[in-house]
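Summary of the model geometry
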Amino acid sequence: MMDQQTAWVLALQLVALLSIASAILLYLICKIRGNHDNAISGSTPGAGKPVLVTCCDNAIGLQIALHMANRGFRVFAGLKNGCSGCNEDSVPAKVIRSWLKYRESIQGQGNIVPLHLDVTREDLLYESLDIIRAHLPAGEDGIWAVICTNGLAYRSPIAQQDISHWDTILKTNLIGVLRTARTFQNLLKHSSGRILTIGSTDNMGCGLVAYAASRYGVEGASQALSQELSPLGIKVITVNPIGILPELLFSQPKLARKPDSEEVCLEINECLEYQPQVLSRPALEILDIAVTTREPRDRYTLEYKYKWSRQLNLCKVY
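Residues numbered from 1 in each chain as written. Predicted model: local features only at pLDDT ≥ 70, side-chain atom pairs only at ≥ 80, totals over all residues. Heavy atoms only, no water.

**Describing the overall build of the protein chain**
Here is the rule: Only DSSP runs of H or I with at least four residues qualify as helices, and only runs of E with at least two residues qualify as strands; both kinds are numbered from the N terminus onward. Think of it in three bands: residues with accessible area under 20% of the maximum for their type are buried, residues over 50% are exposed, and the middle band is partly exposed, with areas taken using a 1.4 Å probe on protein chains only. Two residues form a contact once any of their heavy atoms are found within 4.5 Å. Residue-level accessible areas treat just the shown protein chains as cover; the underlying method is Shrake-Rupley with a 1.4 Å probe.
A tally of regular secondary structure across the protein chain gives nine helices and nine strands. Among the 318 residues that make up the protein chain, the fraction classed as buried is 45%. Within the protein chain, contacts between residues separated by at least 24 positions form 73% of all contacts whose residues are at least 6 apart in sequence. Accessible surface, the protein chain as shown: approximately 17,100 Å² in total, 55% of it carbon and sulfur.

**Concerning the pattern of salt bridges**
The following threshold applies: The salt bridge criterion pairs a side-chain nitrogen of Lys or Arg with a carboxyl oxygen of Asp or Glu, the two atoms within 4 Å.
Per the stated rule, a full pass over the model turns up ten salt bridges. The partner of R97 in a salt bridge is D89, and the shortest N-O contact between them spans 2.7 Å. On the basis of relative accessibility, which here comes to 41%, the residue R97 falls in the partly exposed class. With its nearest N and O atoms 2.3 Å apart, the salt bridge here joins E247 to R155. Linking E247 in helix α8 (residues 246-249) with R155 in the loop between β4 (145-147) and α5 (163-183), this pair joins segments that are 92 residues apart in sequence. Salt bridges sharing common partners tie together E122, R179 and R182.

**Concerning the packing of aromatic side chains**
The line we're drawing: Only rings of Phe, Tyr and Trp enter the pairing, Trp through its six-membered ring, and a pair is recorded when the two centres are within 6.5 Å. The plane angle decides the type: under 30 degrees is stacked, over 60 is edge-to-face, the rest tilted. By definition, being over a ring means that NZ of Lys or CZ of Arg is both within 6 Å of the ring centre and within 35 degrees of the ring normal.
One pass over the structure, following the stated rule, counts one aromatic pair. Over the ring of W144 we find K49, and its NZ or CZ is 4.9 Å from the ring centre.

**With respect to α5**
How we decide: Here the expected span of a helix is defined as 1.5 Å times the quantity of residues minus one. What the bend at a residue measures is the angle between two axes, fitted to the seven residues ending there and to the seven starting there. N or O atoms closer than or at 3.5 Å make up a polar contact, with two conditions inside protein: a donor-capable atom paired with an acceptor-capable one, and, for residues adjacent in sequence, both atoms drawn from side chains.
For α5, built from 21 residues, the straight-helix expectation of 30 Å at 1.5 Å per residue is met to within 8% by its first-to-last C-alpha distance of 28 Å. Helix geometry: α5 is bent most strongly at I175, by close to 40°. All of the buried residues along α5 are I169, T172, N173, L174, G176, V177, T180, A181 and T183. Buried residues belonging to α5 abut α4 (122-135), β4, α6 (185-191), β5 (194-198) and α7 (209-229). N-cap assignment for α5: the residue whose side-chain oxygen lies 2.8 Å from the backbone N of S164 is D162.

**Here we look at the environment of E273**
Tracing the sequence through the fold places E273 in the loop between β7 (254-255) and β8 (274-275). Using a relative accessible area of 26% as the deciding quantity, one classes E273 as partly exposed. In this structure the C-alpha to C-alpha distance between E273 and R257, which are 16 residues apart in sequence, comes to 8.2 Å. The residues touching E273, leaving out its near neighbours within four places in the chain, are K254, L255, A256, C265, L266 and E267.

**A closer look at the packing of helix α2 (residues 59-70) against helix α9 (residues 281-292)**
A pair of packed helices can be characterised by two numbers: the angle between their axes and the separation between those axes. Note the threshold: Simply put, an axis is a line fit to the C-alpha atoms, just over the touching stretch for a helix, and the angle between two N-to-C directions goes from 0 to 180 degrees. Small angles under 35 degrees read as roughly parallel and large ones over 145 as roughly antiparallel, with 65 to 115 read as roughly perpendicular and the rest as oblique. Take the far helix as the reference: if the near one is turned anticlockwise from it by less than a right angle, the crossing is left-handed, and if turned clockwise, right-handed.
For the pair α2 and α9, the least separation of the axes is 11 Å and the interaxial angle reads 70°. In terms of orientation, α2 lies roughly perpendicular with respect to α9. As for how α2 packs across α9, the hand of that crossing is right-handed. Listed contacts from α9 to Q63, I64, H67 and M68 of α2 are L284, L287, D288 and V291.

See the structure below:
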C-alpha cells in the first residue's frame, strides 16, 4: 500500500502536469482564435506603413484612402485637383483636409499625404515618386502597397460612342496601371510590397464595352505582372467589386447635406460626410486582408453593398 508522502508527491506531479497541459491548450486556443480573427477582420494594424492610393477623386479611391489611414497606414493620396499646387478645390480634397484636422486632435499613427497625381501623365507619376521618397523615414526606400483606384466608366451603346472615349478609358483604366507599376517598381521591390488592381464586376449591363475591355485587360495584365515581378518579391493582387455598378465605383464624391438645408453633414468625429460610400464593412475587411496578409491570394472578391444594383435593367432599346 502507498504511503502518505508518496501519494502527496504523485498528486503534486499530477497537478503540475495538468497545469502544463491546460496552459498549452489555452495557448493553442488563443493562437487559433487570433489567427481566425485576423483572417476574418484583417485586424493587423498599418503601423505607419506607407501606402499609395493612385486616385482619390472617385468614390472607391477616397473611401479606401480614408479607411487605410484610419487603420494606421500612412496614405499617399493621389488627387488631380485640390492639393498643393492645384488651382481648383475638390470634394475629396476637402474631405481629406477635414480628416487631417481631426487627426491633429487625437493620437494615432495613420496619416494622409495628398499628392498631385494623374496616372495618364508620366511627369506627375515621377514627381509623386520623388515626393514619396522624401517623406519616407531616413534609411528607408520602400513602400508597402500601391492600390490602383484610377478608373473611368462611360455607359453608352457602342454605335453612339466616340472613339476618343475608348482611348480615354483604356488610357486611364489599363495603361495607367502599367505606368504606375513601372514607376513604383523599385520602391515596391525594396519592401517586398504589393500592387492591388481593380478587376471586372458582374452584371454590368449594356453600354460598357470599352470599360469591360479595360477591366478584363487589367486582370490579364495583373496576371502577367505577377509572373514578372514575383522574382523581385512583389505581389500583384486583383480585387473584384462584385455587384457594384462601375458608375458608382468611379463616381465623383459629393458632400452630404442635411435635408431641406444647404448645411453640410458631419460625421461623429466632425469630419465632412460625403456620398457615396460604395464598399461595405465586410468588403473593407476583405481589402484589409489583401493589403496586410503575408501571403495574399492572387484574387479577392469584395462583397457588394447595394443588392438592388443586380436587378437594375441597364439595357435600353435604341
